[in-house]
Amino acid sequence: MSDHLEDLRIRRTHKLLWEALMTELSLRPFEEITVKEICERAMVHRSTFYKHYEDKYALLERGMQQMYATLVTEVVHAPPSMFSADQPPPYFIRVFEHVAEHQHFYKLMLCGEGIGRFQKLVKEYIAEQAMAKEREWAPAHQNVAFPPAMQVQFFAGAVLSLLAWWLENDMPLSPHQMAQYLLSVSSTSSSHP
């Protein structure tokens, strides 16, 4: 079999398993879902599942990583200080648009029960990205109100909280409005992630 066909087969298998996991997550907590149930819903043999994933956590992690890869390729960064409340950073808006486009996934992951691992991964990712930008944008000699590592954790927690609130309340505000609020939160620290 050619490498191209093999790659397509693997992507199709992952898509089927991922969609089955998302469906199962809409029915019950992650901890109650078994690999057998995921495979039955996806119509994929369990041996095929284990050929690609060690367990359901590995499937969840790969799906989360793919979701982040999609988001990261879509955003271009510039310091939030370069923007105003009327014109928030396009990448802040894109975060909310991305979450709205994948509402089912993010609602399950951020608002569901037993998904602490996902929330931790999201928070670590946001903090890592914010810290990289903090180093890039902040002058080395700048005195800050509190350490940059604490600032990025604050910012990451704020992003998660805003996203969860937005989803739990059926997205009552536009992505642009949410980006404005996020910009306001990010400007509360003495330097911007």
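Residues numbered from 1 in each chain as written. Predicted model: local features only at pLDDT ≥ 70, side-chain atom pairs only at ≥ 80, totals over all residues. Heavy atoms only, no water.

> Kindly report on unusual backbone geometry, identifying the contributing residues and their values.
Its identity as a non-glycine residue notwithstanding, Met-43 has a phi of 60 degrees, on the positive side. Within the secondary structure layout, Met-43 lies in the loop between helix H2 (35-42) and helix H3 (46-52). In the Ramachandran plot, Met-171 falls in the positive-phi region, its phi being about 50 degrees despite a non-glycine side chain. Judged by its relative accessible area of 22%, Met-171 falls in the partly exposed class. (Helix = DSSP H or I, 4+ residues; strand = E, 2+ residues; numbered from the N terminus. Buried < 20%, exposed > 50% of the residue type's maximum accessible area, 1.4 Å probe, protein only.)

> How would you sum up the environment of Ala-179? Please name residues and give values.
Relative to the elements of secondary structure, Ala-179 occurs in helix H9 (residues 175-186). With relative accessibility at 0%, the residue Ala-179 sits in the buried group. In the structure, Ala-179 is positioned 84 residues away from Val-95 in sequence and 8.2 Å away in space, judged by C-alpha atoms.

> Which residues make up the packing of aromatic side chains, and what values do they have?
Applying the stated criterion across every chain, the model contains 5 aromatic pairs. Aromatic side chains Phe-49 and Tyr-53 sit 5.5 Å apart centroid to centroid with 45 degrees between the ring planes, which places their arrangement in the tilted category. By the burial criterion, Phe-49 is buried, and Tyr-53 matches it. Each member of the aromatic cluster is reached from another via a ring pair, and the members are Phe-49, Tyr-50 and Tyr-53. Between the NZ or CZ atom of Lys-56 and the centre of the ring of Phe-30, over which it lies, the distance is 4.7 Å. (Phe/Tyr/Trp six-rings, centres within 6.5 Å; stacked < 30°, edge-to-face > 60°. Lys NZ or Arg CZ within 6 Å of the ring centre and 35° of its normal.)

> Before we move on, can you summarise helix H8 (residues 148-168) with the specific residues and values?
Between its first and last C-alpha, H8 extends 30 Å over 21 residues, near the 30 Å set by a 1.5 Å rise per residue. Buried within H8 are the following residues: Gln-151, Val-152, Phe-155, Ala-156, Ala-158, Val-159, Leu-160, Leu-162, Leu-163, Ala-164, Trp-166 and Leu-167. One or two residues past the end of H8 sits Asp-170, with phi positive at roughly 60 degrees. (Expected span 1.5 Å × (residues − 1).)

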